[in-house]
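This is what each chain is made of:
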Amino acid sequence: MSAIKRLSRRQIMRGMLGSTAVTVALPLLECVLNDSGTAYAASGRALPPCFGTWFFALGLTPKLWVPKQTGNPYTLPDHIKVLEPIQSKINLYSGMQVFLDGKANQNHYSGAQCHMTGIVTRTGSEYDTSLDTVIGNQIGTHTRFRSLEVDCAGDRRATWSARSSNGMNPSEISPLALYTRIFGPEFKDPNAAHFEPDPKVMVHHSVLSAVSEQRRGLLRDVSATDRARLDEYFTSLRELEQQLAVELEKPAPLPACTIPARIAAADDSGALVDQVGLRNRQFGQLIAHALACGQTQLFNVTLSPPFNPLRKSGETSGYHQMTHEEPIDPTLGYQIKCKWYAEQQMAMLRDFVQILDSIREGDGTLLDRSIVYVFTDHGEARLHSMKNYMIFTAGTGAGRMKTGYHLAAEGDAVTRVPLTILQAFAIPASGSYGSESNHVTKPFGEVLV
Amino acid sequence: MSALPGRRAAATRLIAAVAALGVCAGLAWSSARADTATRAETSLVRLTPEQYERSIHDIFGADIRIPANKVDPGSRNDGLLAIGDRKLTLSAAALERDDVVAQAIAAQVADPRRRATLLGCQPRSEQAADDACARGFVARVGLPLFRRPLSTEEIQAYVTTQHQAAEQLHSFSAGIAAAVAQMLVAPDFLFRVERGAADAAQPGTLQLDGYSRAARLSFFLWNTTPDSELLQAARSGKLMTDAGLQHEVDRLLDSPRLESGLRAFFTDMLAFSGLDEDPGFDTLAIDAGFYPNFTLSAQNEAQEQTLRTIADLLLHKNGDYRDLFTTRDTFLTPALAALYGVPLARSQELGGAVPWVPYHFSDGEPYIGILTEVSFLSLHSHEGRTSPTRRGKALREIFLCQKVPPPPGNVDFSLVQNTSDPRYKTVRQRLTAHRNEPMCAGCHKIMDPIGLSFENFDTAGEFRTTENGAPIDASGELGGKSFDGVQQLAQLIRDDPATTSCLLDRAYSYGTERKPTAQEQTWLVRLQAELTRDGVRWRDLMRRITLNPDFYTIPMSAAPLSAAAAH
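1. Details of the overall build of chain B
- Along its length, chain B carries 24 helices and 10 strands.
- A burial count over chain B gives 62% of its 567 residues as buried.
- Once local pairs closer than 6 in sequence are excluded, the contacts in chain B between residues at least 24 apart make up 71%.

2. So, the overall build of chain A
- Of regular secondary structure, chain A possesses 11 helices and nine strands.
- Buried residues in chain A amount to 62% of all 449 residues.
- Expressed as a percentage of contacts within chain A between residues at least 6 apart in sequence, the contacts between residues at least 24 apart total 73%.
- Entry remark: accessible area of chain A is about 16,200 Å², with carbon and sulfur atoms responsible for 52%.

3. Concerning the state of the cysteines
Residues and elements named next belong to chain A.
- According to the stated counting rule, one finds three disulfides over all chains in the structure shown.
- The residue that forms a disulfide with cysteine 257 is cysteine 293, at a sulfur-sulfur distance of 1.9 Å. As the torsion about the S-S bond is roughly 95 degrees, the cysteine 257-cysteine 293 disulfide counts as right-handed. Here the residue cysteine 257 occupies a position in the loop between α7 (224-247) and α8 (273-292), and cysteine 293 occupies one in the loop between α8 and β4 (298-302), the gap between them amounting to 36 residues.
- Each disulfide of chain B joins two cysteines, and with those cysteines numbered along the sequence the arrangement is 1-2, 3-4.

4. Notes on the sheet that holds strand β8 (residues 389-394) of chain A
Residue and element names in this part refer to chain A.
- Pairing is mixed in the open sheet, where seven strands are placed in the order β3-β4-β1-β7-β8-β2-β9. Each end of this open sheet is capped by a strand with a single partner; those strands are β3 (148-151) and β9 (406-408). On average, each strand axis in the sheet is inclined to that of its neighbour by 15 degrees, with strand direction left out of account.
- In this structure, strand β2 (residues 90-96) lies alongside β9, joined through three bridges in parallel fashion. What sits directly across from tyrosine 93, in β9, is leucine 407.
- On the sheet, helix α10 (residues 336-357) packs against β1 (50-55), β4, β7 (370-375) and β8 and is oriented at approximately 165 degrees with respect to β1.

5. Examining the side chain of A:Asp155
- If you trace the backbone, A:Asp155 turns up in the loop between β3 and α4 (175-183).
- Each residue touching A:Asp155, except ones within four places of it in the same chain, is listed here: A:Ser171, A:Ile173, A:Pro305 and B:Thr283.

6. So, the packing of helix α6 (residues 131-146) of chain B against helix α8 (residues 172-185) of chain B
Residue and element names in this part refer to chain B.
- α8 packs onto α6 with a crossing angle of 25 degrees between their chain directions and a minimal axis gap of 11 Å. Overall, the two elements α6 and α8 adopt an arrangement that is roughly parallel. Both α6 and α8 take part in a crossing whose hand is right-handed. Only Phe172, Ile176, Val180, Met183 and Leu184 of α8 make contact with α6, whose side of the interface consists of Cys133, Ala134, Phe137, Val138, Val141, Gly142, Leu145 and Phe146.
- Residue composition of the contact of α6 with α8, grouped by class: 12 nonpolar, one polar and no charged.

7. So, the confidence of the model for chain B
- Overall, the predicted model of chain B reaches an average pLDDT of 86, with 83% of residues at or above 70.
- Under a pLDDT of 50 for its full length, residues 18-39 of chain B has, in the predicted model, 42 contacts with residues more than four places off or in other chains.

8. Considerations on the interface of chain A and chain B
- At the junction of the two partners, chain A supplies 72 residues and chain B supplies 81 residues.
- The closest approach of N and O atoms between A:Glu325 and B:Arg385, which form a salt bridge, is 2.2 Å.
- Linking chain A to chain B there are 21 residue pairs in polar contact (both at pLDDT 80 or more).
- It is α7(A) that provides the largest number of residues to the side of chain A that touches chain B, a total of 14 residues.
- A class-by-class count of the residues in the side of chain A that touches chain B yields 25 nonpolar, 28 polar and 19 charged.

9. Comments concerning the environment of B:Arg385
- Here B:Arg385 is to be found in the loop between α17 (374-379) and α18 (388-399).
- Sequence-wise, B:Arg385 and B:Ile286 are 99 residues apart; in three dimensions their C-alpha atoms are separated by 9.0 Å.
- If near-sequence neighbours (up to four positions away) are discounted, B:Arg385 is found in contact with A:Thr316, A:Ser317, A:Gln321, A:Glu325, B:Tyr291 and B:Thr459.

10. What about unusual backbone geometry?
- A cis geometry characterises the amide bond from A:Asn72 onward to A:Pro73, with omega recorded as 10 degrees.
- Despite not being glycine, A:Lys63 shows a phi value in the positive range, around 70 degrees.
- Inspection of the secondary structure assignment puts A:Lys63 in the loop between β1 and β2.
- A:Lys63 gets classed as exposed once you look at its relative accessible area, which sits at 80%.
- Located in the positive-phi region is B:His170, a residue other than glycine, with phi close to 55 degrees.
- Residue placement: B:His170 occurs in the loop between α7 (152-169) and α8.

11. Describing the pairing of strand β8 (residues 475-478) of chain B
All names here are of chain B.
- Burial of the side chains of β8 is restricted to one face: Gly476 and Leu478 are buried, whereas none of Ser475 and Glu477 on the reverse face is.
- Relative to strand β9 (residues 481-484), β8 runs antiparallel, the two sharing four bridges. Each bridged residue has a counterpart across the sheet, and for glutamate 477 the counterpart in β9 is serine 482.
- Between β8 and β9, which pair antiparallel one after the other, the connecting turn spans two residues, and glycine 479 there sits at a positive phi close to 55 degrees.

12. Quick look at the packing of helix α10 (residues 210-221) of chain B against helix α24 (residues 538-546) of chain B
Residue and element names in this part refer to chain B.
- Between α10 and α24, whose axes approach to 12 Å, the crossing angle comes to 165 degrees. Comparing their axes, α24 and α10 come out roughly antiparallel. You can see that α10 and α24 cross each other, and the crossing is right-handed. Contact residues: Leu217, Phe220 and Leu221 in α10; Met542, Ile545 and Thr546 in α24.
- Residues that form the contact of α10 with α24 fall into these classes: five nonpolar, one polar and no charged.

13. With respect to the packing of aromatic side chains
- Using the criterion set out here, one finds 40 aromatic pairs over all chains in the structure.
- Between B:Phe361 and B:Tyr367, the aromatic rings sit 5.2 Å apart at their centres with planes inclined by 35 degrees, giving tilted as the arrangement. The burial state of B:Phe361 is the same as that of B:Tyr367; both residues are buried.
- Considering the side-chain rings of B:Tyr367 and B:Phe457, the 5.2 Å spacing of their centres and the 45 degrees angle between planes classify their relative orientation as tilted. Linking B:Tyr367 in the loop between β5 (357-360) and α17 with B:Phe457 in the loop between α20 (438-451) and β6 (466-467), this pair joins segments that are 90 residues apart in sequence.
- The ring of A:Phe444 has A:Arg416 lying over it, and the distance from NZ or CZ to the ring centre is 3.9 Å.
- It is B:Arg213 that lies over the ring of B:Tyr552; its NZ or CZ is 4.3 Å from the centre.

Rules used throughout
- Residues numbered from 1 in each chain as written.
- Chains lettered and ligands numbered in written order.
- Predicted model: local features only at pLDDT ≥ 70, side-chain atom pairs only at ≥ 80, totals over all residues.
- Heavy atoms only, no water.
- Helix = DSSP H or I, 4+ residues; strand = E, 2+ residues; numbered from the N terminus.
- Buried < 20%, exposed > 50% of the residue type's maximum accessible area, 1.4 Å probe, protein only.
- Contact = heavy atoms within 4.5 Å.
- Areas by Shrake-Rupley, 256 points an atom, 1.4 Å probe, with all protein chains shown as cover.
- Disulfide = S-S within 2.5 Å.
- Pairing = 2+ DSSP bridges.
- Axes fitted to C-alpha atoms, helices over the stretch in contact; angles between N-to-C directions.
- Parallel < 35°, antiparallel > 145°, perpendicular 65-115°, else oblique.
- Left-handed = near helix turned anticlockwise from the far one by under 90°.
- Nonpolar A, V, L, I, M, F, W, Y, C, P; charged D, E, K, R; others polar.
- pLDDT = per-residue confidence, 0-100.
- Salt bridge = Lys/Arg side-chain N within 4 Å of Asp/Glu carboxyl O.
- Polar contact = N/O pair within 3.5 Å; in protein donor to acceptor, adjacent residues only side chain to side chain.
- Phe/Tyr/Trp six-rings, centres within 6.5 Å; stacked < 30°, edge-to-face > 60°.
- Lys NZ or Arg CZ within 6 Å of the ring centre and 35° of its normal.

Structure representation (structure tokens):
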């Protein structure tokens, strides 16, 4: 956090509305970056870290993906050889599991839920605060967007991000819509020479602030359950106010910030491999530029919903159905088509990570100040297995984590990885994570700096 | 969207009619709130995108353009999104979209060209605030927007917003737009705030007040905000009397708007937005390479076909709900006719922008009832082939309210699911082998025998008699009764008591947006017996539900907070 005392945005707004001659009080000293472009010159404060999740459904082909060596270096097996260009920038975790503690296995739900919340609920209609929300509450409170959620297979329901059990953060499915949302008329280029707050935005912000003032009256008579829901509404409202407040501030220059090419209008539905791959790259570009331009520090990508509809043109059913119907080749010992799908998804992961890594920021890259948490729903989708999950992290979070490792933790709870990430970000009260048998206290210290 | 004079005029009448009501009721509401502050309690139901749109059009006119606002897909609980709406809040993304939509609507409402119909006064200056003019406007539109009169303090808050914005931007219209935008993102609009008081006769239960009763009634039957007459009945207290309630229920049931309520209910019940693994119409991706007749037009019109079939039978013909499964009357477009393999007369195709024409399937044709319509058959299939399991599961869950458990973990499907195994050419043969697996038998025995009877209809709903060269066997069994083909199955579904009880449960749950209590379930069992005897007719069902006093209650699942605790 900056050593410079920041004026509250409410203070700034009130000052603006009280005067027609607009003067924006800004921490101007922060507006100049150091020579390498990695920190604000005056305070020496590093560019803020970023966190994101990247979910892919149905895991990988059993027995084919686990490297023989652990530690650093290690050799990538052929099944995930496609990750070689980014191997030094990722960690691979193997051997861990999700404990159900006697609860029913909500297929394609319980496993991902545990990865993102640390808990396993009895039904698929329950959830909890997700990892990105926990981290975002600490690091992502001064950006235009709290977070960006996208799904590459055209399903708004595909998301693992939530503030609580009272509803998920829906995914954007249209790259064009996301482009417009981020880089439309409301976007303020941080590198623009001239900045003048828009009076209409000031009024707009004032309108939302006035709604916030109604909070007390409404909360007076509601039940505890509804109070929690209203509280979340008002949290959403505050985030919206924050979004507008950012538009009214002269943003600090960010040399790496450029506006991406406008996305062409396209059919946003369909889950053919080529379509999903294209949207993954388009969303990746938009998210990367949004991060580089200081619009957000958080993102959540789902490559597809957990019942993965990814499909090769000409096949009569999708990847998910294929995991249950394709016989294991008696000679090779695995499902041939499913292996192909899994490798396509790994290629998409590589593409996404490379996009983040392609944005230079001084001596490093955008990926270098980010941590991306990559998880899936089943260890072996064919059996709905909750064991031997494959997990990745990418990026160091601005030097908070080491990369290039394969870490095997046979039989441990998968929650060790989110715990490691929480500790990397120095999130308060992150001495442990998860509940019941998924409660862990031991991070992967080998990769924590 | 072009202006619809009728709807626009209706909106004008609504605003005019509530004018006196809103202004004169404001003080009364303010004092009433103060009196009941320590005992009144509230419950929240999130407005659906459709309810949002219909409310805006009814209040401000049908020519108001509303940007797409379906951001949040909702959560299906106990078979209905409506029940999820009582559980969900508004995510940041959804509220952000609501804010964008509110800004767009507010700008149109404040447009000087709409002043004569919407504002009701002329400002003293185009460049300055006019508090008096704004005050009357806020009170008028606030009543139908919030489904209750605004308190004096609330009106003043919106007038202040108007004043500040108009002065800041030197524009009276900008001031009005700011006030409208503020109302449209307020929780009082985006949520239906149901208010009630503890019922001494039924501990743990809230009795809704008049305005909340009006809103529940209106959104259930019309899927929109209460009109001026209903609000007047709430204000006068008539809606809290048996006679007054009966009068308003009959008035709402006689209105053409009843079809909107019916469509909204069946859109939810039939899971047109998706059911578990099955897609909704917005994510449906049938492969046109396999099914060239399944065009985008056909996909877009399949949902409308089913809703037209339902509305025609239940409302226009006052038919029996159970006959939806055996009716041969429907409506077709050229795109749908291609899938059903029937010709439409050329003259009929030129009937309108979307050329819907009534169509009657003859006894010799294979199509019968809504279960053989493209909407059901395509939503519950794979992209390139049918799925008897999905169809059987959907039929059980949607129409019979029977929950099918998810498949267990650690099941090896591949032993019997080899589509290239020459021993198992048809889906029936493969699934029969699969059902012999003990772990799978329990659930598949209740899904597959029903789903297999639809095998004469491919993923796109087109009729076929063979699969991979082998003749299709469409026989099956339901509740111990054997049948041969979907026509016999349709009759069994029609006559199954679970079909009626499911509709009653869903309709009651949809209206109250919660599961029925034990007391209400007992009442529903009695109602089922009566309707089974007399006929399951929509208006009759709606009337009986909305005249049941329990319909206007909320079981308190959690203790309300005291006033101090909420601060």
